[in-house]
Number of protein chains: 2
Amino acid sequence: MRFLLILLLSLPLGALAAEEVDPSPQTPEAIQLAQDYMAALTNRNYSQLAQYYDRESVLTDRMAGKSITGRRDILAFLRRVHTYTQEYYFNSDHLFYKGSRVVMIGNYYYKARGDLFGYPGQSITFALPGVTTLKLDLENRRIEEHIDFLDYATMEDQLSSHPSLSVP
Amino acid sequence: MRFLLILLLSLPLGALAAEEVDPSPQTPEAIQLAQDYMAALTNRNYSQLAQYYDRESVLTDRMAGKSITGRRDILAFLRRVHTYTQEYYFNSDHLFYKGSRVVMIGNYYYKARGDLFGYPGQSITFALPGVTTLKLDLENRRIEEHIDFLDYATMEDQLSSHPSLSVP
């Protein structure tokens, strides 16, 4: 995380973009695009993230019954959601794809300011297990559809029954 | 599997239906319905399965780009798909729900006649990892939407590179 931050601060944007776009020879194009997108998302690099959305892009949180269409609204939503986020990454247990569809099963890990969760002045860490599915536009390197199926109950169990998870 | 078969053969249908409908006190209604449905599906008990669908029910295999609407067409499709299936069950690694939506992450296990896969006269066994999501009509105990995200590449790897998996 710290390494990525240093990388972000020390590289000119063009060089970073070139680095991220360049796929390793073994990685299928769909997987590479999905990973680049997930890196931009979890790094909360909104200027980079903006390049993956267009007016028709749809972000859906299926278990929360929430769906947002278009770059502008998606970015505004993500900025709001991550107001208190200090670190954020996704660890994939199982990733597969077919054509332009990618499925990632794993955990989102958060370190966040505890204010909203009843731990003011503290940081809390928790995992949010679930599935993220992407429908890609490979030609234009865009995300047509991003659907999350997230296990909020498991996240809430960590927040309520394990206050020891909080980090001062 | 054998136990279930004996159960199916030895119980009158009414008793079986009552048994399946009765939820254990700890199991949330949505999970119970999902499990009953998955049992009917993997037991290929089509008369029982018919009760979970109506004209609006949708079965989607997202990675295959296939979607079928309505009880009649869904049942015809499932019967065709399982022509060569000898055993079939789902093992859930992680199951969660919110309201009427259930997400099941795990593996489908198959034992099938090898004819279609280049092993005539043999049985083959393989696992198909993936995610099944259900949108339930809890009041009427119906499946409004069943969407699969299945890792066919992993299944195909087993069929092509591990012929030792085949059972005479």
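Definitions and cut-offs
Counting of residues starts from 1 at the beginning of each chain's written sequence and follows it residue by residue. Lettering of chains starts at A and numbering of ligands starts at 1, both following the order in which they are written. Given that this is a predicted model, residues contribute local features only at a pLDDT of at least 70 and side-chain atom pairs are listed and counted only at 80 or more, while totals for whole chains, interfaces and linings are drawn from all residues. Helix and strand definitions follow DSSP, with helices as H or I runs of at least four residues and strands as E runs of at least two, each counted in order from the N terminus. Backbone-placed C-beta atoms define the burial measure: a residue is buried with 20 or more other C-beta atoms within 10 Å of its own, exposed with 12 or fewer, and partly exposed in between. This entry defines residue contacts through backbone-placed C-beta atoms, with two residues in contact when those atoms are within 7 Å. Here the copies were fitted onto each other by least squares, based on C-alpha atoms from residues at pLDDT of at least 70 in both. By the convention used here, strands pair only if DSSP detects at least 2 bridges between them. When residues are grouped by polarity, Ala, Val, Leu, Ile, Met, Phe, Trp, Tyr, Cys and Pro land in nonpolar, Asp, Glu, Lys and Arg in charged, and all others, Gly among them, in polar. Under the definition applied here, buried Ala, Val, Leu, Ile, Met, Phe, Trp, Tyr and Cys residues are grouped into a nonpolar core through C-beta atoms within 7 Å. In this description, a line fitted to the C-alpha atoms serves as the axis of each element, helices being fitted only across the stretch in contact, and the angle between N-to-C directions of two axes falls anywhere from 0 to 180 degrees.

Caption draft 1: Region of the structure containing the overall build of chain A. Each helix and strand in chain A was counted, giving six helices and seven strands. Ordered by position from N to C terminus, the α and β elements of chain A give α-α-α-α-β-β-α-β-β-β-β-α-β. Every one of the 168 residues in chain A was classed for burial, and the buried ones make up 24%. The long-range share in chain A, meaning contacts at least 24 apart out of those at least 6 apart in sequence, stands at 55%.

Caption draft 2: View of the relation of the copies chain B and chain A. Its rotation angle being 180°, the transformation that places chain B on chain A also includes 0.0 Å of axial translation and leaves an RMSD of 0.0 Å. What we have between these two chains is a two-fold relation.

Caption draft 3: Highlighting the pairing of strand β5 (residues 123-137) of chain B. Looking at chain direction, strand β4 (residues 101-113) of chain B and β5 of chain B are connected through 13 bridges and run antiparallel. Its bridge partner lying in β5 of chain B, Val102 of chain B is registered against Leu134 of chain B.

Caption draft 4: Focus on the pairing of strand β2 (residues 66-69) of chain A. Residue and element names in this part refer to chain A. In this structure, strand β1 (residues 58-61) lies alongside β2, joined through four bridges in antiparallel fashion. Bridged to Val58 within β2 is Thr69. Between β1 and β2, which pair antiparallel in sequence order, lie four residues; one of them, Gly65, sits at a positive phi of approximately 65°.

Caption draft 5: Expanded view of the interface of chain B and chain A. Contacts between the two partners involve 16 residues from chain B, matched on the other side by 16 residues from chain A. At the level of elements, β3 (85-98), β4, β5 and α6 (152-161) of chain B are the ones that each hand at least two residues to the side of chain B that touches chain A. Its residues assigned to classes, the side of chain B that touches chain A comprises nine nonpolar, three polar and four charged.

Caption draft 6: Structural view of the environment of Val131 of chain B. Assignment of secondary structure puts Val131 of chain B in strand β5. Along the chain, Val131 of chain B and Asp73 of chain B lie 58 residues apart, while their C-alpha atoms are 22 Å from each other. Here Val131 of chain B is in contact with Val103, Ile105 and Val131 of chain A together with Val103, Met104, Ile105 and Phe149 of chain B, once residues within four sequence places are set aside.

Caption draft 7: Geometry of the nonpolar core. Core analysis: the largest hydrophobic core is formed by 46 residues, its most contacted members being Ala34, Val103 and Val131 of chain A together with Ala34, Val103 and Val131 of chain B. Residue contacts for Ala34 of chain B: discarding those within four places in its chain leaves Val102, Met104, Leu134 and Leu136 of chain B.

Caption draft 8: The sheet that holds strand β2 (residues 66-69) of chain B, seen in detail. Residue and element names in this part refer to chain B. Pairing is mixed across the open sheet formed by six strands, whose spatial order is β2-β1-β6-β5-β4-β3. The strands lining the two open edges of the sheet, one partner per strand, are β2 and β3. Direction aside, neighbouring strands of the sheet carry axes that sit 20° apart on average. Two strands pair when backbone bridges link them, and strand β1 (residues 58-61) and strand β6 (residues 142-150) are joined in this way by four bridges, in the parallel orientation. Counted as the bridge partner of Thr60 is Ile147 from β6. Running at roughly 165° to β3, helix α3 (residues 29-42) makes contact with β3, β4, β5 and β6 of the sheet.

Caption draft 9: Representation of the environment of Gly65 of chain B within the structure. Residue and element names in this part refer to chain B. As for its placement among the helices and strands, Gly65 is situated in the loop between β1 and β2. With 10 C-beta atoms counted inside 10 Å, the residue Gly65 sits in the exposed group. In this structure, the C-alpha to C-alpha distance between Gly65 and Asp151, residues 86 residues apart in sequence, is 13 Å.

Caption draft 10: Region of interest: unusual backbone geometry. All names here are of chain A. Backbone geometry at Arg141 places phi at a positive 50°, although glycine is not the residue there. Within the secondary structure, Arg141 sits in the loop between β5 (123-137) and β6 (142-150). Overall, the presence of 15 C-beta atoms within 10 Å leaves Arg141 in the partly exposed class.

Caption draft 11: Molecular detail of the environment of Thr154 of chain A. Along the chain, Thr154 of chain A falls in helix α6 (residues 152-161). Taking the number of C-beta atoms within 10 Å as the measure of exposure, Thr154 of chain A has 16 and is therefore partly exposed. Put simply, Thr154 of chain A and Phe126 of chain A are 28 residues apart on the chain and 9.5 Å apart in space, counted from C-alpha to C-alpha. Leaving out residues up to four positions away in the same chain, Thr154 of chain A has contacts with Pro129 of chain A together with Phe96 of chain B.

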